[in-house]
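Close look at the chain arrangement
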Amino acid sequence: MAIIKFPEHFKWGAATAAYQIEGAVKEGGRGESIWDRFSHTPGKVINGDNGDIACDSYHLYREDIALMKDLGISVYRFSISWPRIFPEGIGKVNEEGVKYYHDFVDELLHNGIEPMCTLYHWDLPQALQDKGGWANRETIEAFGQYASFMFQEFKGKISKWLTINEPWCVSFLSNYLGAHAPGNKDLQLATTISHHLLVAHGLAVSQFRKIGEGEIGFAPNLEWLEPFSNKEEDIQACNRGIAWFIEWFMDPVFHGKYPEFLLDWFKDKGVTLSIDEGDMEQISQPIDILGINYYTGSVGRYKEGEGLFDLEPIDIGYAKTDIGWNIYPEGFYKALHKLKVQYGDIPIYITENGACYNDEVENGEVKDTRRIEYLKQHLISLKRAIDSGVNIQGYLTWSLLDNFEWAEGYDMRFGLIHINFKTLARTKKDSYFWYKQMIGNTWFER
Ligand SMILES: N=NNCCOCCOc1ccc(-c2cn(C[C@@H]3NC[C@@H](O)[C@H]3O)nn2)cc1
């Protein structure tokens, strides 16, 4: 059997997000978010699920942190509910919300767990959406004020910050494909939003340089696309599909410009970018860390007129998780290798990787052996990337807890810990025990 061993300094963690676990949406002075509005709109979320209660981590966070300590993680990625701090998005601060996060972060630190804080994990204050949301450049300024407040308020407690989680999901999934809040289906709008998100990221970084302490970055998600054949048309189609996730967001941050071939492609679709003077300089300020979220990949081939990029994803029989995503660990390595080639040695944290398996509790146990296999396969790819020179500093699995999986609701479970959403009981899954042993050893047996 092979031993897969990680560097001694390697950081192991787990990740969650505010709207997916907190609940208490009308408590503690919190304002409405776009996900409150979207999830309560009939037809938007499977089973009509919403985040009103979720895992009730707002009230149960001490229990969750005790589980993290038992698990042995050294870093925990969470997000701030922007409308808990600024109920209207800007202006009056909600002191109850500020205190909640101080109490939460203090509990993490007291338990020797390093906080990694995502400022924006999709729960935009509805009051800002009512004024156009991310399509309105005023939201960029509002995000800058929110970020500046948080950097000042948590200086000395939080030293790893991520500005925007998965800007592809916030822009294209939510405003072109329409699958997430606010549910628009407009390519020009989505592309404009993608630019405003990057400008907002850059504004937060510039504020961090004045106010903050520690490291800052952002967390794009990547989906790999493997060409069906070595035909140039298949290769180019897959390159377009990959660039939609990688180059579209990474080139502006690391190279100060959008990928020309995608700009041209969008222009042929009647979509243009309105770039203000100074935007690209703002976006491309150096960052300290890069979060990478990877779940899946597909095989793709050229098909004229198919989708946005003349690209047809085809099912060649890869095994899938319970949410229907291909299990494709090879794509994880290929994506990470591509990042090193194109963007150099920025310290990378895998800020999300995990699998949806909807195993239930039986006799007090959850035998999620498929999740353990998924983690093993992807950690093998990760170790290959590390050994080939990719500067990976840590791995945070998605997710610590089963939680509200956005439009898929609560049926889709990604946690190491099972949540009974009726009783809120937490049950450690077999994958929890496997991850705990692997963290303790810094290796696992294949
Ligand atoms: N890709 N093209 N799709 C074509 C059309 O598909 C429509 C649906 O698409 C997608 C694509 C991606 C996702 C997704 C979900 N997560 C998991 C969350 N990450 C942040 C954290 O909160 C986790 O809950 N990451 N990515 C969902 C749906």
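What counts, and where the lines are drawn
Residues numbered from 1 in each chain as written. Predicted model: local features only at pLDDT ≥ 70, side-chain atom pairs only at ≥ 80, totals over all residues. Heavy atoms only, no water. Axes fitted to C-alpha atoms, helices over the stretch in contact; angles between N-to-C directions. Helix = DSSP H or I, 4+ residues; strand = E, 2+ residues; numbered from the N terminus. Contact = heavy atoms within 4.5 Å. Nonpolar A, V, L, I, M, F, W, Y, C, P; charged D, E, K, R; others polar. Salt bridge = Lys/Arg side-chain N within 4 Å of Asp/Glu carboxyl O. Buried < 20%, exposed > 50% of the residue type's maximum accessible area, 1.4 Å probe, protein only. pLDDT = per-residue confidence, 0-100. Near = heavy atom within 4 Å. Polar contact = N/O pair within 3.5 Å; in protein donor to acceptor, adjacent residues only side chain to side chain. 1 Å grid on protein atoms, 1.4 Å probe; cavity = no way out; pocket = protein on both sides within 12 Å on 5 of 7 lines; lining within 4 Å. Sits in = over half its atoms within 2 Å of the grid points.

Helix-helix packing is characterised by the crossing angle of the two axes and by the distance between the axes. Two numbers describe how helix α15 (residues 369-387) lies on helix α16 (residues 430-441): the axes approach to 9 Å, and their chain directions differ by 35°. On the side of α15, the interface is formed by Arg371, Ile372, Leu375, Lys376 and Leu379, while α16 contributes Asp430, Ser431, Trp434 and Met438. Taken together, the residues that form the contact of α15 with α16 break down as 5 nonpolar, 1 polar and 3 charged.

Should the charged atoms of two oppositely charged side chains come close, the side chains can pair. Going through the model one piece at a time under the given rule, you end up with 34 salt bridges. Note that arginine 137 and aspartate 279 form a salt bridge whose closest N and O atoms lie 2.8 Å from each other. Of this pair, arginine 137 sits in the loop between α6 (126-129) and α7 (138-153) while aspartate 279 sits in helix α13 (residues 279-283), and the two are 142 residues apart along the sequence. Overall, arginine 137 belongs to the partly exposed group, its relative accessible area being 26%. Given the relative accessible area of 4%, aspartate 279 is considered buried. Residues lysine 367 and aspartate 430 are paired through a salt bridge, measuring 3.3 Å at the closest nitrogen-oxygen approach. Of this pair, lysine 367 sits in the loop between β10 (348-352) and α15 while aspartate 430 sits in helix α16; the two residues are 63 residues apart in sequence, bridging distant segments of the chain. A single salt-bridge network, built from bridges that share partners, covers Lys11, Glu114, Lys160 and Glu215.

With that settled, the discussion passes to the confidence of the model for the protein. Taken over all residues, the pLDDT of the protein has a mean of 98, while the share at 70 or more is 100%. Across the whole predicted complex the pTM is 0.98, and at the interface the ipTM reaches 0.93.

The immediate surroundings of the ligand are formed by 16 residues, with Gln20, His121, Glu352, Glu405 and Trp406 found nearest. A distance of 2.8 Å separates an oxygen atom of the ligand from a polar atom in the side chain of histidine 121. Separating a nitrogen atom of the ligand from a side-chain N or O atom of glutamate 223 is a distance of 3.0 Å. One can see that the ligand is located within the largest pocket. Of the residues contributing to the shell around the ligand, the split by class is 9 nonpolar, 3 polar and 4 charged.

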